[in-house]
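Architecture at a glance
The primary structure of each chain is shown beneath.
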Amino acid sequence: MSAGRTLATARRVLRQLVHDRRTVALLLLVPLFLLMLLRYVFDDDPRLFDRVGASLLGIFPLITLFLVTSVATLRERGSGTLERLMAMPLGKGDLIAGYALAFGAFALLQAALATAVAVGPLGLDIAGSPWLLLVMAELTALLGIAIGLFVSAFASSEFQAVQFMPAVIIPQILLCGLFAPRASMQPVLENLSDILPMSYSVDAMTGVLNSTAVPDHFARDVLVVLGFALGFLALGAVTLRRRTP
């Protein structure tokens, strides 16, 4: 890998994203709209919004970035762009890292906007620091980017990339503890949730919601989510294909 080639890839992807207004709107505005919608769905029970909204600060960015990253990668492969790039002295690691940096910049902005709107105008009441919430939201968004890059290797079309979401993302949402405490699940499901990265993201955000100090398990949760994200990025580099068959 080369830092120069990685940054050049990131700049190219960022230029493309900035000129795609619909993608920018999906990345930056849709999570805000969903949070506002959720706030007024729970208008009679603000405490329920606090409990659910904190976790969704990470889940909404993960979903949108998974979709955009996987579809964008498939579009470039289908158009032959990846094949032309990889004919140059550009490694798979440079490509994956460049994509991760470009989408990671949007993820940082997305997470910052969502956290600011939730804690500010929407009145999300958390006991801990909003900065801890932002850190975990950003890491969860990075996880979505990494999974999207990895999954794109196994899809032959943009439609197939979207179809991976029910198989890869939705089970994590159901088992992460958002709807019911993981300890109350069937033992098999609880054990499965223990190896899913989104469970640790929700644990960290719930800890920030309820604790004025840094939660005891926060560092563990950060390391687990970051480890999964880096692992999926590495797998994405290994499985990256030049073109779609």
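Look up: the structure comes first, before these words.
Description of the structure in this document. (Residues numbered from 1 in each chain as written. Predicted model: local features only at pLDDT ≥ 70, side-chain atom pairs only at ≥ 80, totals over all residues. Heavy atoms only, no water.)

Turning next to the side chain of Gln 172. Tracing the backbone shows Gln 172 in helix H9 (residues 170-175). If we skip the residues at most four places from it in the chain, Gln 172 touches Ile 147, Leu 196, Pro 197 and Met 198. (Helix = DSSP H or I, 4+ residues; strand = E, 2+ residues; numbered from the N terminus. Contact = heavy atoms within 4.5 Å.)

As a further point, take a nonpolar patch on the surface. Together, Phe 33, Met 36, Leu 37, Tyr 40 and Val 41 line one region of the surface with nonpolar side chains, adding up to about 540 Å² of accessible area. In this fold, Tyr 40 is placed in helix H3 (residues 30-41). (Patch = residues over 30% accessible without salt bridge, like charges linked within 9 Å, V, L, I, M, F, W, Y side chains within 5 Å. Areas by Shrake-Rupley, 256 points an atom, 1.4 Å probe, with all protein chains shown as cover. Salt bridge = Lys/Arg side-chain N within 4 Å of Asp/Glu carboxyl O.)

Looking at the element boundaries, Ser 70 is found in helix H4 (residues 46-78). Here the side chain of Ser 70 touches Phe 66 through a polar contact of 2.8 Å, landing on its backbone oxygen. At 3.1 Å, the side chain of Ser 70 and the backbone oxygen of Leu 67 are in polar contact. Non-local contacts of Ser 70, meaning those with residues more than four positions away in its chain, are made with Gly 148, Ser 152 and Ala 161. (Polar contact = N/O pair within 3.5 Å; in protein donor to acceptor, adjacent residues only side chain to side chain.)

Our focus in this paragraph is the packing of aromatic side chains. Across all of its chains, the model carries three aromatic pairs by this definition. Consider the rings of Tyr 99 and Phe 103, whose centres lie 6.4 Å apart with planes at 10°: the pair is stacked. Of this pair, Tyr 99 and Phe 103 both sit in helix H6 (residues 92-119), four residues apart, roughly one helical turn. The pair Tyr 99 / Phe 103 is uniform in exposure class, with both members buried. Lying across the ring of Tyr 40, Arg 39 places its NZ or CZ 5.6 Å from the centre. (Phe/Tyr/Trp six-rings, centres within 6.5 Å; stacked < 30°, edge-to-face > 60°. Buried < 20%, exposed > 50% of the residue type's maximum accessible area, 1.4 Å probe, protein only. Lys NZ or Arg CZ within 6 Å of the ring centre and 35° of its normal.)

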